[in-house]
Amino acid sequence: MIQPVVQIRQSPAVMNIDADPGTFSIRQPKADLSITTTPGELTVHSTRPELTVDQSKAWAAYNGGKMLEMNKRIYSGIEQLYLQGIARRVEQGNRMAEFFKPGNTISEVYGTDTLPNSFPEMRGPASYDNVDIHIQTQAPQLSYRPAQVDVEIERNAPEIEFTRGKLDIYMQSYGSLQFIPPEINVQG
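Presented here is a report on the structure given in the accompanying data block. (Residues numbered from 1 in each chain as written. Predicted model: local features only at pLDDT ≥ 70, side-chain atom pairs only at ≥ 80, totals over all residues. Heavy atoms only, no water.)

**Section: the packing of aromatic side chains**
- Tallying each qualifying case throughout the model produces 3 aromatic pairs.
- Measuring from centroid to centroid gives 4.9 Å for Phe24 and Phe162, while their planes differ by 45°, and the two rings are tilted. In this pair, Phe24 sits in strand 3 (residues 23-27) while Phe162 sits in strand 10 (residues 159-163), placing the two residues 138 residues apart along the sequence.
- Assessed through its relative accessible area of 61%, Phe24 is described here as exposed.
- Residue classification places Phe162 among the partly exposed positions, given a relative accessible area of 48%. (Phe/Tyr/Trp six-rings, centres within 6.5 Å; stacked < 30°, edge-to-face > 60°. Helix = DSSP H or I, 4+ residues; strand = E, 2+ residues; numbered from the N terminus. Buried < 20%, exposed > 50% of the residue type's maximum accessible area, 1.4 Å probe, protein only.)

**Observations concerning a nonpolar patch on the surface**
- Together, Leu33, Ile35, Val149, Val151 and Ile153 line one region of the surface with nonpolar side chains, adding up to about 510 Å² of accessible area.
- Secondary-structure elements contributing two or more residues to the nonpolar patch are strand 4 (32-38) and strand 9 (148-154).
- Element by element, the count of residues in the nonpolar patch is highest for strand 9, at 3 residues.
- If you trace the backbone, Val149 turns up in strand 9.
- Using a relative accessible area of 52% as the deciding quantity, one classes Val149 as exposed. (Patch = residues over 30% accessible without salt bridge, like charges linked within 9 Å, V, L, I, M, F, W, Y side chains within 5 Å. Areas by Shrake-Rupley, 256 points an atom, 1.4 Å probe, with all protein chains shown as cover. Salt bridge = Lys/Arg side-chain N within 4 Å of Asp/Glu carboxyl O.)

**Structural notes on helix 1 (residues 56-63)**
- Turning to helix 1, its buried residues are Ala58, Ala60 and Ala61. In an axial view of helix 1, the angular spread of the buried residues amounts to 160°, which keeps them on one side of the axis.
- Against the buried residues of helix 1 lie helix 2 (67-97).
- At the C-terminal side of helix 1, Gly64 shows a positive phi close to 100°. (Arc of directions from axis to C-beta. Contact = heavy atoms within 4.5 Å.)

In structure tokens form, the structure reads like this:
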């Protein structure tokens, strides 16, 4: 005899998950940059050259120069002429003392002395170098201030946006369990 068997039918539950990931949007604005420049400065201070022209020697050679200098030259010249005259008279006297020597006669000693006594030179010596020129210069004074650059940076924070994704969880079909009993013959 066959024993009747109970049939069991089972269908599993089907769960469906529909998920879209979230998205990030990141935007970074550029930093704000501020540059301030102070230009360098160069200062040059220069003085004019100083020119000194001394032409007193030239004037002394042309016309005797200043009265005091001319008088000094005349005075020192007269003194020199006086000493030369004394020396000439002494020489003439020495020659006359030796009158017995040939060439020392009175006419030869005193007869040749016919030139007049000259007046001393009142002017200074003439020369191409009578004008003195002096140029005095000074080096320029330099001062320098270097340029300055000031840089200011303001950083902007990044802008982050997040868009959530979706997550749908649902049951596509529910699980079931079905028991099917065997057929029972009741007739018999």
